[in-house]
Amino acid sequence: MQEFDALLHGMAVVSTPYHLLIMVAGVLLGVLVGVLPGLGAPNGVTLLLPLTFTMNPTSAIILLTCMYWGALFGGSITSIIFNIPGEPSSVATTFDGYPLAKQGRAAEALTAAFTSALFGALVGVLLITFLSSYIAKFALKFSSPEFFAVYLLAFCSFIGMSKNPPLKTVVALMLGLAMAAVGMDTVSGSLRLTFGLPDLLKGISFEIAVIGLFGIGEILCTIEDGLVFRGERVKISFGVVLRTWMSLPRYWATLLRSAAIGCWMGVTPGGPTAASFMSYSIAKRLSKDKESFGKGSVDGVIAPETADHAAGTSALLPMLTLGIPGSATAAVMLGGLMIWGLQPGPMLFVEQKEFVWSLIASMYVGNVVSLLIVLSTVPLFASIMRIPFSIIAPVIVMVCSIGAYSVHGSMFDVGLMLCFGAIGYAFKKLNYPIAPLVLAAVLGDKAESAFRQSMLFSEGSLLVFWSNPLVGTLTTTALLAAFWPVLVKMLNRARRGSTTSSSEQFS
């Protein structure tokens, strides 16, 4: 009941004309970011961060989250109309969205995608509403060993549970941890990895890294691919929207199943991209009309979009309650909270209760506002996509450069951004994951501090991470997650060996 009262108070805060205007602006910017290849939600949120430094934290986080929702919706527009995923998590939407558009059913596909995305997002927000307080209260019992075990679990989950090769994930994590170590050691005061450059004394700003990794890196890959925009014409009418809404209840099983998959993959480090692919494959496997998938199935649009938005929303749950982001965009938002002087984690629910519940309330209102805006502005953003990419690309590079320069007012940061752009390009060409790098860059110093405090507390004994049932369970789970691929291979090998020996006996 106390949480419900806090949510109502948050609704009153976010429903003011000023905050509603911020929501609209954030959604419009987000849709633009999602529509334009080469930007994406993480980079768009990063570019907006410097503009929020003069705003109060509540208004700033509303602007960033609404931009996040808009970017997710914008990725659906390009996937369906142009067969170009604006976001990596929108790739699965192209499988059936574009065939529907070629059949002249683009408006139906877009309406189904946007509405199912809203459903998935609201399920994710409900998860945050009902679980965040309990998780935060539980996390108040944590000390430095428990916090390090949680950080270790986040890192190890990326290694063992994601679809990327474990060795490549380890390389990305190590590079991110090295970035977090640059600058002055907060404990000893000694300099680390500065290479004699005064500009590195303050460390590497994660905003600079993210702008380069996501923005410049993506632009370089897009230019190399020689992207050409050829899309289907679309016009959304109220009649088509109403007919599509009336047909959606028949897909209730897909909606519920995809929302559950998305929430699970958002809370764990699976992320929206893995959630959308998993949801699509399961929907196809369980469908009575498997042959229609890939040829224009509404079910094939609903499944990935619901899971995508459920995962993107629920990724904020571990960020708020434990200070551990569940996605790359959540990692950027985590850095924003720290810049505004807010420390994500269980104490946030005690010290900044009004901020937390205003943020949760804005998720409800912001997603509804996003749906209304994207339904009414699809033709406008589709026409933007017809601008030649040779014009769009320099504009994006210019915006990235301005964003990097505005962080500290230094040209050194612009050069650093270009270096990270080269790293991002190399990562994309070699299929290395970027999300673990961003996660390690944001959490690296916190994980190091927790580890060093634990070592001081235990006089250098690693057994402190098994000193009680809670920290022991977390540490053991983290190690199991890290070595899960190896364990699976060993189990499969043992199973094949037992099957072979049984067949030999019968023969």
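The sections below set out a description of the structure shown in this document. (Residues numbered from 1 in each chain as written. Predicted model: local features only at pLDDT ≥ 70, side-chain atom pairs only at ≥ 80, totals over all residues. Heavy atoms only, no water.)

So, the packing of aromatic side chains
Part 1 of the reasoning: All told, the structure shown has four aromatic pairs when counted by the stated rule.
Part 2 of the reasoning: Look at Phe148 and Phe451: their rings are 5.1 Å apart centre to centre, the planes differ by 50 degrees, and that puts the pair in the tilted class. Highlighted residues: Phe148 in helix 7 (residues 144-161) and Phe451 in helix 20 (residues 435-458), separated in sequence by 303 residues.
Part 3 of the reasoning: Exposure remark for Phe148: the relative accessible area of 15% places this residue in the buried category.
Part 4 of the reasoning: A relative accessible area of 29% means that Phe451 is categorised as partly exposed.
Part 5 of the reasoning: Taken together, Phe148, Phe451 and Phe465 form an aromatic cluster joined through their ring pairs.
Part 6 of the reasoning: When the ring centre of Tyr432 is taken as reference, the NZ or CZ atom of Lys168 above it lies at 5.2 Å. (Phe/Tyr/Trp six-rings, centres within 6.5 Å; stacked < 30°, edge-to-face > 60°. Helix = DSSP H or I, 4+ residues; strand = E, 2+ residues; numbered from the N terminus. Buried < 20%, exposed > 50% of the residue type's maximum accessible area, 1.4 Å probe, protein only. Lys NZ or Arg CZ within 6 Å of the ring centre and 35° of its normal.)

Side note on unusual backbone geometry
Part 1 of the reasoning: With a phi angle near 55 degrees, Leu193 is a residue other than glycine that sits in the positive phi range.
Part 2 of the reasoning: With respect to the helices and strands, Leu193 occurs in the loop between strand 2 (191-192) and helix 9 (206-225).
Part 3 of the reasoning: According to the relative accessible area criterion, Leu193 is partly exposed, its value standing at 40%.
Part 4 of the reasoning: Unlike most non-glycine residues, Glu459 shows phi in positive territory, near 60 degrees.

Examining the pattern of salt bridges
Oppositely charged side chains may form a pair once their charged atoms are brought near each other.
Part 1 of the reasoning: Summed over all chains, the structure comprises two salt bridges.
Part 2 of the reasoning: Among the salt bridges present, the one from Glu448 reaches Arg192, with a minimum N-O distance of 2.7 Å. Separated by 256 residues along the polypeptide, Glu448 in helix 20 and Arg192 in strand 2 bring together distant segments of the chain.
Part 3 of the reasoning: Judged by relative accessible area, Glu448 falls into the partly exposed class, the value being 24%.
Part 4 of the reasoning: Take Arg192: its relative accessible area is 22%, and that puts it in the partly exposed class.
Part 5 of the reasoning: In this structure, Arg452 engages Glu448 in a salt bridge whose closest nitrogen and oxygen atoms are separated by 3.0 Å. In this pair, Arg452 and Glu448 are both assigned in helix 20, four residues apart and thus about one turn of the helix distant.
Part 6 of the reasoning: One salt-bridge network, held together by shared partners, links Arg192, Glu448 and Arg452. (Salt bridge = Lys/Arg side-chain N within 4 Å of Asp/Glu carboxyl O.)

Focus: helix 8 (residues 166-181)
Part 1 of the reasoning: Between the first and last C-alpha of helix 8 there are 23 Å, a value that for 16 residues agrees with the 22 Å anticipated at 1.5 Å per step.
Part 2 of the reasoning: Within helix 8 the residues assigned to the buried category are Thr169, Ala172, Leu173, Gly176, Met179, Ala180 and Ala181.
Part 3 of the reasoning: Gly183 lies just past helix 8 and shows a positive phi near 115 degrees. (Expected span 1.5 Å × (residues − 1).)

Digging into the packing of helix 4 (residues 57-81) against helix 13 (residues 299-314)
Part 1 of the reasoning: Following both chains from N to C, one finds helix 4 and helix 13 inclined at 160 degrees, their axes separated by 11 Å at the closest point. Between helix 4 and helix 13, the crossing angle belongs to the class labelled roughly antiparallel. Taken as a pair, helix 4 and helix 13 cross one another with a handedness that is right-handed. Across the interface between the two elements, Tyr68, Trp69, Leu72, Phe73 and Ser76 of helix 4 pack against Glu305, Asp308, His309, Gly312 and Thr313 of helix 13.
Part 2 of the reasoning: The class makeup of the residues in the contact of helix 4 with helix 13 is four nonpolar, four polar and two charged. (Axes fitted to C-alpha atoms, helices over the stretch in contact; angles between N-to-C directions. Parallel < 35°, antiparallel > 145°, perpendicular 65-115°, else oblique. Left-handed = near helix turned anticlockwise from the far one by under 90°. Contact = heavy atoms within 4.5 Å. Nonpolar A, V, L, I, M, F, W, Y, C, P; charged D, E, K, R; others polar.)

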